[in-house]
Amino acid sequence: MNSRLYKAIGWLTLLVILCLVPLFMKQNYVLHVLITIGVGVVLANSLRFVFLTGQLSLGHGAMVSLGAYFSSLTVMNLGLSFWLALPLAGVFAMIVSFFTGYLFTRLKGFYFAMVTMFLTMVVQLVAEQWRGLTGGVGGLTNIPPPNAIGALGFDSKADFYYLMLAIAVISLLIMYLLEFSRLGLTLTSVRDSEALAASVGVNTRFYKVLAFGLGGFFAGVVGSFYCHYYSAVSPSSFTFMLSIDVLVFMVVGGRHRFVGPILGAVVLTVIPELGRGMKEYEPFIYAAVLLLIIVFLPRGLISLPEQVRILLRRGTSPSERAASAITRGSHRA
Amino acid sequence: MKRLTVIVLVLSMIVALGLFAAACGSEGETTTSQQGATTTEQGSATTTAPAGGAKVLKIGVTAPLTGPSSSAGIPHMRMTEICADWINENGGIDVNGEKYTIELIIEDEGETPDSGVTAATKLIEQDKVSFIVGTISPQIAAAVASVSEPAKVIRCLWHGEGTNVELNADLPYTFRVSICPHDFAMELLKYHVEAYPEAKNITLLFIDNSAGVILAEQVQEMITSLGLTNVETIMYPVDTQDFSPIISNVMRGKPDAVVCTALPHLMGGILKTARQKGYEGPIYNLSPTSPDTVQKIASPDLSTECIVPAPDLTSPKVPDLMKEMVQKALDKHGEVSWDYIRPFNSLWVLAQAIEAAKTLDTTEVAKAWENMSFKVLEGEGTMGGLETYGINHQAVIPFAITKISGPTMELIKWVTPSIP
Amino acid sequence: MYVQDLLNGLTSAGIYILIALGLTLILGIVGIVQMAHGEMYMVGAYVVYLFSMSMGLPYFAALVISIILVGCLGIVVERLFLRRFRGDVEGAIICTTAFILVLQTAVKGIAGPSYKDIASPVEGVVEVFGARLSWEEIVIILVSAVLVVALLVSIKWTKPGQAMMAISEDLVGATLQGINVDRLSSIAMFIGCGLAAAAGGLIGATFSLEPFMGGFALTQGITVIILGGLGSVPGAIIGGLILGLIDGLLTPQVSPTIASIVGLVIVILILLFRPKGLLGYE
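Residues numbered from 1 in each chain as written. Chains lettered and ligands numbered in written order. Predicted model: local features only at pLDDT ≥ 70, side-chain atom pairs only at ≥ 80, totals over all residues.

Points about the overall build of chain A
Looking only at helices and strands, one finds 15 helices and zero strands in chain A. Compactness check: chain A gives a C-alpha radius of gyration of 21 Å against a globular reference of 20 Å for 333 residues, within 12% of the reference. When the 333 residues of chain A are sorted by exposure, 53% land in the buried category. Taking the contacts inside chain A whose residues are at least 6 apart along the sequence as the reference set, 76% of them involve residues at least 24 apart. (Helix = DSSP H or I, 4+ residues; strand = E, 2+ residues; numbered from the N terminus. Rg over C-alpha atoms; globule rule 2.2 N^0.38 Å. Buried ≥ 20, exposed ≤ 12 C-beta atoms within 10 Å, placed from the backbone. Contact = placed C-beta atoms within 7 Å.)

Brief notes about the interface of chain C and chain B
Counting residues at the interface gives 35 residues for chain C, matched by 42 residues for chain B. When contributions to the side of chain C that touches chain B are tallied by element, the ones reaching two or more residues are α1 (2–30), α4 (89–111), β2 (131–134), α10 (233–250) and α11 (256–273) of chain C. When residues in the side of chain C that touches chain B are grouped by element, the largest group, five residues, is from α1 of chain C. Its residues placed into classes, the side of chain C that touches chain B shows 14 nonpolar, 14 polar and seven charged. (Nonpolar A, V, L, I, M, F, W, Y, C, P; charged D, E, K, R; others polar.)

Details of the interface of chain B and chain A
At the junction of the two partners, chain B supplies 38 residues and chain A supplies 32 residues. Counting residues per element, the ones that place at least two in the side of chain B that touches chain A are α1 (2–33), α2 (70–89), β4 (98–108), α3 (113–126), α4 (138–148) and α6 (212–225) of chain B. With nine residues, the single largest contributor to the side of chain B that touches chain A is α1 of chain B.

Quick notes on the sheet that holds strand β10 (residues 257–260) of chain B
All names here are of chain B. In space, the seven strands of this open sheet follow the order β9-β8-β10-β11-β12-β16-β17, with mixed pairing throughout. Here the strands that pair on one side only, and so sit at the sheet edges, are β9 (229–236) and β17 (408–415). The sheet shows a mean angle of 20 degrees between the axes of neighbouring strands, taken without regard to direction. Relative to β10, strand β8 (residues 201–207) runs parallel, the two sharing four bridges. In the strand pairing of β10, Leu-205 is matched with Cys-260. (Pairing = 2+ DSSP bridges. Axes fitted to C-alpha atoms, helices over the stretch in contact; angles between N-to-C directions.)

Section: the confidence of the model for chain A
Residues and elements named next belong to chain A. Summing up the model confidence of chain A, the mean pLDDT is 88 and the portion of residues at 70 or higher is 94%. Of all secondary-structure elements in chain A, the lowest mean pLDDT belongs to helix α15 (residues 318–330), at 51, while helix α3 (residues 60–77) reaches the highest, 95. Segment residues 327–333 is flagged for pLDDT under 50; beyond a separation of four residues in sequence, or across chains, it makes six contacts in the model. (pLDDT = per-residue confidence, 0-100.)

Quick notes on the confidence of the model for chain B
Residues and elements named next belong to chain B. When pLDDT is averaged along chain B, the result is 86; 87% of the residues meet or exceed 70. Low pLDDT (under 50) marks residues 23–46, which in the prediction has 38 contacts with non-local residues, meaning those over four places away or in another chain. This complex was scored by the predictor with a pTM of 0.89 and an ipTM of 0.89.

A word on unusual backbone geometry
Residues and elements named next belong to chain B. Its identity is not glycine, yet Glu-305 carries a phi of approximately 50 degrees, on the positive side. Topologically, Glu-305 is positioned in the loop between α9 (291–298) and β12 (306–308). Backbone geometry places Lys-358, a non-glycine residue, at a positive phi of 60 degrees. Examined against the element boundaries, Lys-358 turns out to sit in the loop between α12 (344–357) and α13 (362–370). Owing to 15 C-beta atoms within 10 Å, Lys-358 belongs among the partly exposed residues under this scheme.

As for the domain arrangement of chain B
The accessible area lost on association of the parts is a frequent measure of interface size. Residue and element names in this part refer to chain B. When the domains of chain B are assigned, the result is domain 1 (53–179 + 321–397) and domain 2 (181–308). Distance between the C-alpha centres of domain 1 and domain 2: 29 Å. Counting from both sides, the interface comprises ten residues of domain 1 and, opposite them, 14 residues of domain 2. Elements supplying a minimum of two residues to the side of domain 1 that touches domain 2: α4 and α11 (338–341). Split by residue class, the side of domain 1 that touches domain 2 holds three nonpolar, four polar and three charged. (Domains from an automatic or database assignment.)

Put into structure tokens, the structure is as follows:
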């Protein structure tokens, strides 16, 4: 109980600090990087939510794209308020996810990953071809910023920062509560043994579609934020490489823990920024980090303290090592 | 354990390779940034005064250094460095009697609007630059405008596709020095009417990019106004490798001439495939692709009757200053093509605009730029585009029409388009 | 005119099959998704460029050298990295994505960012039934046919070939039969990367080289193996033919992008109604 309390206090402190950042940090560039981190965090965590049922989706790029186009088109053509368009973009992406998820969830493992990747490619190609609606390859530009609300006028980075923070906190909270509820248990049971879950009366396909749809909702919301923040969308922003990037955040951070994708998004967004001095050779750094982590920490960055502890114990007796190996194997959050 | 050691070795080799490559890559830029080495970490002003000598003016460069566009982005970046060195060697920028040397801050803008905005934000907010040169893709140009325009940062775009997303009346701080496909189109079509009076039927073969459809409409209008016929318009994706099916489609319309937009390797592919499949008529490119690259890729025997709006850099008709820059690029990087030379003007004209304004205030510089005539590698230039874009921020400069005929090529003439 | 389209389609199919065969072998036997397969294709093209254009070797010698060198690169990568990711789809995607970045950036740094071109070994055009086929395209069709037949024969008639098929059908069963999976993984990686290098070298001589040419190869390769069935060698051949013919016959009728959308939708439909692809194993 106590450790839970400490955890909660820790998270709250972090939240308060994050709320205060714009007050003492006047560097808009830093705020911008924090906003991109926020985008990455929500995407990586929503991907992990789909992954709870063991489905590896590469369709996140499509969902972000749908959310972005839905939001910018409704705001620009129908005059909808951004605050309505944001959740609606999520709902739109969710409906499409439910539909495609219903079709795709009969496929498993690699096939599911690939068919969702094709979905991303089809959405991109359609966005390129449907010129009358999406503006073709050039995409949409001059997308208005969100309508002013209270003290937030959306004429500075700090306002967008608070919006992103709110989106991130709310989505993470929802996903956290869902994951550690009965629903979350059911979802993980589908991953761990689909046959067993089905045998005790769990409608596995329903839960898979549900997880895919909810993941799509958050991706759509992020898409909506994306287009109003950057004021431009183009199909080239949402290629399947975006899906891969999000997957990289999730796996490198640690796909088995809730905090993993958050960590992954933070680290892997900051590293390229730090590597800017390398110019065209910057991908070397990024790739080396990926390889180091995936080879030495296959369970992600989040397992670093654990691995260090195991390494330090190398000298101890074989029985202790075996014990630590067992705890490592059974450890799951 | 043994394998682990090997992995560590391989990874460290990758990192070492990266560091080594970065060291090599940044060699060029040290020459421009020597002056900035003494820059104090205040970062509050565009300029800093080192202990004695000229002041330093920071100019940002955003180029796609990673991703597919880097095949143009890296040459562009290198040439901009050469241009900065050249301006510095000649005394730097003279702002109302004070001499400034240029320090370039180069950032990777990637392939998407978000990476472009990140690079521009870093330049504007972190490095406090007031002038940015660069950007290739129109989507990135449009997204970056949302950061650069409120900050009143002057941007000189390297080039564009010619839509009014890149230049319009709402973007008072955005300029462009290079010429866009639709401005090449009219002059190339006029040349076509002169050189091939019988060839009336024209097929358009355009890259499916942001300007593709609009450009097709504009060029169709030009074709009709010149008394020619547009057989059909075909759009193809930019990642096409095999052009046989597309050429097969083109040849079904039996055109007398083909007008395309294409990157250098695409142009080579189109030309080669068309000749192999038996199409004999002239092929025009509305994108300024280096004729020698096209000739090399299409193989000299097959590159006949191809006309591009870029100079043959070995021609005697190339101005002396451009020849000098060709030599500089060749000495420094061992290769040269029009992709290198083309972006030179952007930084140079920006420097001339600052000199003309006699101040570093960006609003004044923009005002001075709009009404000035300036020097470019090709000759002289003025500003235009008030009718086309709603703002006269488009430079009107001469361009070369080069005809590739097999192993030889000829720079036919320099023409200055009219951009109302 | 349709003969022309058919022949164009066959040329595309030849390249697609070479790429997809490698991808499907690696997936079936090494057990990983090789996202950097397109980069092996690109490196193959650049090695041919290095040996034939810079060092002046004859084109076909350079092509053979390239197949061997890139195959060896594949073995090294497999032994050091890929082996540990058997069955770990996410890990393999991350690892091979890192290779994409490394190989693209390294080639761009070493060879320079500008477009390269390999002088074609053969010139001229042949007319067949009113269609014009360049010798380069004939070389593509011939070389890919020879390589495909060689692969089929070696799978059918050699012991490692049979062992490979056993692994791709049933890993556990094959291991229990005493098949050395690790050794065969290396062989599969050698063959797979070698085939990709061959495709790259052939395309490089016909068109042009750039460090980012691999992306196209990867998406086409994945489409083909999904269409044909993962891990299935005949599936890759049939899938490659279908996709190549869609390219050749459909592109001249509609726009190229519509043709690729049609291709993708066909693949998705096939997956939905036949989840294991046309010739996949259950």
